[in-house]
Amino acid sequence: MQIPVKAHYAAIAMLALAARYRDGELVSARTVSAEHDVPNQFLVQILQQLRSAGLVCSSRGSSGGFKLQRSPELITLAEIVDAVCSPQSTSTEVGESDLNRVMSQVWDDVIQQQRSQLEQRTLQSLLEQAIDHSPEAMFYI
């Protein structure tokens, strides 16, 4: 199943904000855009959707920017995807035959598994995963 690029960019933006959450630092859209190769115009729209969903808050002005509304431990990928993408239909019925019913059930199961994965992953767990795979996390003897 393909994840929309909008959801990918939203997750990247949220991870960038989560990385600075403990500092209480506001992060500009331009900074996130430059550091993570996300088109700035698209990112601004995404951040506004995340703000409307109550996941981030913002401040205007020269020292303004965005920050997480809640702790990274409390925000899941499912919430982020829901904020920027229309809900995925779980109904794939296209006919009444036994084969259509079987395949509809398969697609529904795949969607449920995908949803479960998104609900299990928090921003904090993803940050920890990124740190574990970072070259700076390695040490040499």
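Here, the structure is the one placed above.
Worth saying up front: this structure is predicted, and the values here are computed from it rather than measured.

A.B. asks: An account of the overall build of the protein is requested, with residue identities and associated values reported.
C.D. replies: When helices and strands are tallied, the protein shows six helices and two strands. Counting from the amino terminus, the protein carries its helices and strands in the arrangement α-α-α-β-β-α-α-α. Per-residue burial over the protein gives 33% buried out of 141 residues. Contacts spanning at least 24 positions in sequence make up 66% of the contacts within the protein whose residues lie at least 6 apart. When the accessible surface of the protein is totalled, it reaches about 9200 Å², and 53% of it is carbon and sulfur.

A.B. asks: Which residues make up the environment of Ser116, and what are the values?
C.D. replies: Take Ser116: it is sitting in helix H5 (residues 98–120). Classification of Ser116 by relative accessible area gives partly exposed; the value is 28%. Among the polar contacts listed, one links the side chain of Ser116 to the side chain of Gln120, at a separation of 3.0 Å.

A.B. asks: Account for unusual backbone geometry, naming residues and giving values.
C.D. replies: The phi dihedral of Asp37 falls on the positive side, at around 55°, and the residue is not glycine. Here Asp37 shows up in the loop between helix H2 (29–36) and helix H3 (40–52).

A.B. asks: Account for the pattern of salt bridges, naming residues and giving values.
C.D. replies: If you walk through the whole model with that rule in mind, you get eight salt bridges. Among the salt bridges present, the one from Glu25 reaches Arg20, with a minimum N-O distance of 3.6 Å. What makes Arg20 buried here is its relative accessible area of 19%. Where Arg101 meets Glu96, a salt bridge forms, and the shortest distance between an N and an O atom there is 4.0 Å. On the accessibility criterion, Arg101 (43% relative accessible area) is partly exposed. The class for Glu96 is exposed, based on a relative accessible area of 63%.

A.B. asks: Provide a residue-level description of the packing of aromatic side chains, including the pertinent values.
C.D. replies: As enumerated under the stated definition, the model contains one aromatic pair in all. Between Tyr9 and Phe42, the ring centres sit 5.7 Å apart and the planes meet at 80°, which makes this aromatic pair edge-to-face. Separated by 33 residues along the polypeptide, Tyr9 in helix H1 (residues 5–19) and Phe42 in helix H3 bring together distant segments of the chain.

A.B. asks: Outline the pairing of strand E2 (residues 65–68), listing residues and values.
C.D. replies: Strand direction decides the pairing type here: strand E1 (residues 56–59) and E2, joined by four bridges, are antiparallel. In the sheet register, Ser59 faces E2, and the bridge partner there is Gly65. The turn linking E1 back onto E2 is made up of five residues, and Gly61 within it adopts a positive phi angle of 110°.

Definitions and limits used
- Residues numbered from 1 in each chain as written.
- Predicted model: local features only at pLDDT ≥ 70, side-chain atom pairs only at ≥ 80, totals over all residues.
- Heavy atoms only, no water.
- Helix = DSSP H or I, 4+ residues; strand = E, 2+ residues; numbered from the N terminus.
- Buried < 20%, exposed > 50% of the residue type's maximum accessible area, 1.4 Å probe, protein only.
- Contact = heavy atoms within 4.5 Å.
- Areas by Shrake-Rupley, 256 points an atom, 1.4 Å probe, with all protein chains shown as cover.
- Polar contact = N/O pair within 3.5 Å; in protein donor to acceptor, adjacent residues only side chain to side chain.
- Salt bridge = Lys/Arg side-chain N within 4 Å of Asp/Glu carboxyl O.
- Phe/Tyr/Trp six-rings, centres within 6.5 Å; stacked < 30°, edge-to-face > 60°.
- Pairing = 2+ DSSP bridges.

Just distances and angles here, no functional claims.
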